[in-house]
Amino acid sequence: MAGSDPRVRDAGPARLDPLIPDGLGALLAGTANVIMQLALPPVGYGVLESPVEAGQVTRHPLRRFRTTFCYLAVALLGTDDERARYRDAVNEVHRFVRSKPGSPVPYNAFDPHLQLWVAACLYYGAVDLYERMHGPMPDADAFYRRAIRFGTTLQVPPELWPPDRAAFAAYWAAAAQRTAIDEPVRAYLDDLAHLRHLPFVPPPVARFTAWVTTGFLPPRFRAHMGWTWSARDERRFAALMRRVGAVQRHVPTAVRRFPFNAFLWDLRLRIRRSRPLL
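Each value, and the rule that gives it
- Residues numbered from 1 in each chain as written.
- Predicted model: local features only at pLDDT ≥ 70, side-chain atom pairs only at ≥ 80, totals over all residues.
- Heavy atoms only, no water.
- Axes fitted to C-alpha atoms, helices over the stretch in contact; angles between N-to-C directions.
- Helix = DSSP H or I, 4+ residues; strand = E, 2+ residues; numbered from the N terminus.
- Parallel < 35°, antiparallel > 145°, perpendicular 65-115°, else oblique.
- Left-handed = near helix turned anticlockwise from the far one by under 90°.
- Contact = heavy atoms within 4.5 Å.
- Nonpolar A, V, L, I, M, F, W, Y, C, P; charged D, E, K, R; others polar.
- Core = buried A, V, L, I, M, F, W, Y, C linked by side-chain atoms within 4.5 Å.
- Buried < 20%, exposed > 50% of the residue type's maximum accessible area, 1.4 Å probe, protein only.
- Salt bridge = Lys/Arg side-chain N within 4 Å of Asp/Glu carboxyl O.

## Details of the packing of helix 5 (residues 112-134) against helix 6 (residues 140-147)
Here is step 1: The geometry of helix 5 relative to helix 6 is characterised by a closest axis approach of 10 Å and an angle of 150° between their N-to-C directions. In terms of orientation, helix 5 lies roughly antiparallel with respect to helix 6. You can see that helix 5 and helix 6 cross each other, and the crossing is right-handed. Where helix 5 abuts helix 6, its residues Tyr123, Ala126 and Val127 lie against Phe143, Tyr144 and Ala147.
Here is step 2: A breakdown of the residues in the contact of helix 5 with helix 6 according to their chemical character gives six nonpolar, no polar and no charged.

In structure tokens form, the structure reads like this:
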């Protein structure tokens, strides 16, 4: 896990509550987490071949952004009822996502083991982000217990979540060995990392976002993408994340939570007005 990484030793004091998600950090690390999720072939092809046009980031990037951040917000900060409602809404979409006879690999969006991998990536990424920005996470066991919601807000039964952080580390090591990225998925993810799904992105911005994405990826996943990363890149990236963390430690909680708090407010408004949640 990221907690054993020597890169975080001088990252500064950890004074922030990890149960309060950091919006800026999530924006920086989000694409890398998507790459990790889609590196499991059934998840990758499930996204690539999904017939749910409204959920495709290449066609509806803002809507996909909203639904993803809202899911994370309700999983970490929502009530039991809100998580149940969002799970039902996601289930309505997931019932269309299953492999066809010509699919390269079999998949079903209701497979709890595939959803466990997605939830595991979210947890791994949340810890890695926090430690890069602020140093060792305080009360890491409490955050791990909360992180089960990344899975149970989908279809992962509680008993499938590894019982403790040591068990998670063993699960992660084994599951990562099953990852691979075929060329169609790699091309999709490369476009995502370089913001090619968005109009009018200046090339320097696209290069920077791809560089940051590469920095958040563990070496195995960089290799899957065919991306290089030097010791100099690592030093520059570590320094950048320490600076971002230093800034975030001094902003008001409501600002640091944005846009998670905004999307949770939007979800609650949609529930009150009986509007679709996705």
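## Notes on the nonpolar core
Here is step 1: Trp117, Tyr123, Phe150, Trp172, Leu189 and Phe216 are the most contacted members of the largest nonpolar core, which totals 78 residues.
Here is step 2: Ranked by the residues each element gives to this core, the list is headed by helix 5, at 14 residues.

## Remarks on the pattern of salt bridges
Here is step 1: Applying the stated rule across the entire model yields 13 salt bridges.
Here is step 2: A salt bridge links aspartate 141 to arginine 165; the shortest N-O distance between them is 2.9 Å. Of this pair, aspartate 141 sits in helix 6 while arginine 165 sits in helix 8 (residues 165-176); the two residues are 24 residues apart in sequence, bridging distant segments of the chain.
Here is step 3: Using a relative accessible area of 39% as the deciding quantity, one classes aspartate 141 as partly exposed.
Here is step 4: Across the salt bridge formed by arginine 186 and glutamate 183, the nearest N and O atoms sit 2.6 Å from each other. Taken together, the positions of arginine 186 and glutamate 183, both in helix 9 (residues 183-193) and three residues apart, correspond to about one turn of that helix.
Here is step 5: In this structure arginine 186 comes out as partly exposed when scored by relative accessible area, which is 22%.

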